[in-house]
2 protein chains.
Amino acid sequence: MEEIDPLERLVENFKTLPGVGQKTAQRYAYSIISRDEEGANEFANSIISAKKKIKYCSECGNYTDKDVCKICSTRSGDIICVVKEPKDVSAMEKVRAYNGLYHVLHGTINPLENRGPNDIRIKELLERVSKLGTKEVIMATNPDVEGEATAMYVAKLLKPLGVKVSRLAQGMSMGSELEYADEVTLTKALEKRSMM
Amino acid sequence: MEEIDPLERLVENFKTLPGVGQKTAQRYAYSIISRDEEGANEFANSIISAKKKIKYCSECGNYTDKDVCKICSTRSGDIICVVKEPKDVSAMEKVRAYNGLYHVLHGTINPLENRGPNDIRIKELLERVSKLGTKEVIMATNPDVEGEATAMYVAKLLKPLGVKVSRLAQGMSMGSELEYADEVTLTKALEKRSMM
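Conventions used here
- Residues numbered from 1 in each chain as written.
- Chains lettered and ligands numbered in written order.
- Predicted model: local features only at pLDDT ≥ 70, side-chain atom pairs only at ≥ 80, totals over all residues.
- Heavy atoms only, no water.
- Pairing = 2+ DSSP bridges.
- Helix = DSSP H or I, 4+ residues; strand = E, 2+ residues; numbered from the N terminus.
- Right-handed = clockwise from strand over helix to strand, strands pointing away.
- Least-squares fit on C-alpha atoms with pLDDT ≥ 70 in both.
- Contact = heavy atoms within 4.5 Å.
- Polar contact = N/O pair within 3.5 Å; in protein donor to acceptor, adjacent residues only side chain to side chain.
- Buried area = accessible area lost by both parts, 1.4 Å probe.
- Salt bridge = Lys/Arg side-chain N within 4 Å of Asp/Glu carboxyl O.
- Nonpolar A, V, L, I, M, F, W, Y, C, P; charged D, E, K, R; others polar.
- Buried < 20%, exposed > 50% of the residue type's maximum accessible area, 1.4 Å probe, protein only.
- pLDDT = per-residue confidence, 0-100.
- Domains from an automatic or database assignment.

Here the focus is the pairing of strand S6 (residues 164-167) of chain A. All names here are of chain A. Sheet topology note: the strand S5 (residues 136-139)/S6 ladder contains 4 bridges and is parallel. Its bridge partner being in S6, Met139 is matched across the sheet by Arg167. With helix H7 (residues 145-158) bridging S5 and its parallel neighbour S6, the resulting β-α-β unit is right-handed.

Here we come to the relation of the copies chain A and chain B. Once chain A has been moved 0.0 Å along the axis and rotated by 180 degrees, it coincides with chain B to within an RMSD of 0.1 Å. Given the turn and translation reported, the copies of this chain are related as if by a two-fold rotation axis. By C-alpha distance to the rotation axis, the residue of chain A lying nearest is A:Ala44, at 2.2 Å. When you check the interface residues of chain A against chain B, 100% turn up at the interface there too, and the contact is symmetric in its surfaces.

Moving on, we come to the side chain of A:Thr141. Residues and elements named next belong to chain A. Examined against the element boundaries, Thr141 turns out to sit in the loop between S5 and H7. Among the polar contacts listed, one links the side chain of Thr141 to the backbone oxygen of Gly147, at a separation of 2.8 Å. Sequence-distant contacts of Thr141, defined by excluding residues within four places in its chain, comprise Val82, Leu105, Gly147, Ala151 and Arg167.

We now examine the interface of chain A and chain B. Contacts between chain A and chain B engage 48 residues on the former and 48 residues on the latter. A combined buried area of about 5000 Å² lies between chain A and chain B, and 60% of that area is made up of carbon and sulfur atoms. Among the residues chain A hides against chain B, the three largest losses belong to A:Arg27, A:Ile47 and A:Lys51. Together they make up 13% of the total. If you look at where chain A meets chain B, you find 2 salt bridges. We note a salt bridge from A:Arg9 to B:Glu42, for which the minimum N-O separation is 3.0 Å. Connecting chain A to chain B are 15 residue pairs in polar contact (both at pLDDT 80 or more). Among the residues making up the side of chain A that touches chain B, the classes are represented as 23 nonpolar, 10 polar and 15 charged.

Within helix H1 (residues 6-14) of chain A, 7 of the 9 residues are buried, leaving the element largely enclosed by the surrounding structure. By the burial criterion, the buried members of H1(A) are A:Pro6, A:Leu7, A:Arg9, A:Leu10, A:Val11, A:Asn13 and A:Phe14. The inward-facing, buried residues of H1(A) contact helix H2 (22-33) of chain A together with helix H3 (37-53) and strand S2 (63-64) of chain B. One side-chain oxygen of the residue at the start of H1(A) lies 2.8 Å from the amide nitrogen of A:Leu7, identifying that residue as A:Asp5.

Before going further, it helps to examine the confidence of the model for chain A. The predicted model of chain A averages 89 in pLDDT, with 92% of residues at 70 or higher. With a pTM of 0.75, the predicted complex shows an ipTM of 0.75.

What the domain assignment reports for chain A is domain 1 (6-53) and domain 2 (56-195). Distance from the C-alpha centre of domain 1 of chain A to the C-alpha centre of domain 2 of chain A: 33 Å.

Another point: the pattern of salt bridges. Pairing between side chains of opposite charge can happen when the charged atoms of each approach one another. In total, this model carries 22 salt bridges over all chains according to the counting rule given. Of the charged contacts in the structure, one is a salt bridge between A:Lys66 and A:Asp65, with a shortest N-O distance of 3.3 Å. A salt bridge links B:Glu85 to B:Lys87, with the nearest nitrogen and oxygen atoms 3.9 Å apart. By relative accessible area, B:Glu85 is classed as partly exposed at 26%. Each of the salt bridges in this network shares a partner with another, and the network as a whole consists of A:Glu59, A:Arg128 and A:Lys131.

This brings us to the environment of B:Glu183. One can find B:Glu183 in helix H8 (residues 183-191). Here the alpha-carbon distance between B:Glu183 and B:Cys81, two residues 102 residues apart in the chain, equals 16 Å.

Spelled out as structure tokens, the structure:
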């Protein structure tokens, strides 16, 4: 440990964050160094604590520190919004109009990357829909090729169960990502969702 | 601790970094959560270790994990480059042409913020210059009002000691900050430094 410069090590770690290069990592590192010890420890401990305590909700697959997340344990199962990743749940939660459940697929069907229907949480979705007596499933996967294909695939499996399946309106531009959509666009897309 | 959501706590900590808002903090937090435990711990430990081990070099005032930093313990004292903050040393170090020492003032003279000459490391600079027999001091404080005033003030104290005092050429635009200058601009500014 004597050989690695602690500051350099910190910079290297910041560089592992998405979109962070040398200069930004250095700014972050200097910001840490200039804090008091308590402040730096709080930062470090929040990382350790989050990694230790955060796991997947046994119901929806979103991140939570409980066995069943707050959303799953308090909301009605009439509507389920299906997303690709946990971060998409935060994006959808900004739409105050939405009060239903979520289901995180943890990926999309992508033959090029060898990900088939059994590699994402589709089976779990079908089970939840049956168990909860869900009336509508909103497919909110990204409006790109894999997202569309996954939505179509899941819709085909759900319709025979007598469930309405809708898709977020294509107010969102093709090729964009749910994570970066602004609230107005998302609200509109939710309002104008079309039946599949 | 049960009441604070560990993910929210992590996001809040990331938001304390310079220039990081809610969305970026969330992206960073998700990036941490998606790592294995070892990866997350390495990140946290690099913060703790840097904060614990990094202190000021007893000579130049830059960050180091030694008593005297690597630059001070290996280079000649013929030239000293005076900067405002530790991060400015990293900026200057990109200029391969420079092989002298540094002196970090830890601030600039700023009457509006009640910072006078005795609140920054000017006395220590004069002592080093005498002790090392320094031939030239390059004033590389930022090209803004406080940086200029500080450079003028220090120059007046150094000249009676028979030391050449120079200033980075104003190839840098007024009001900009050393930290963000590109290497070409910095190299030129160093080359064309003017006597004070």
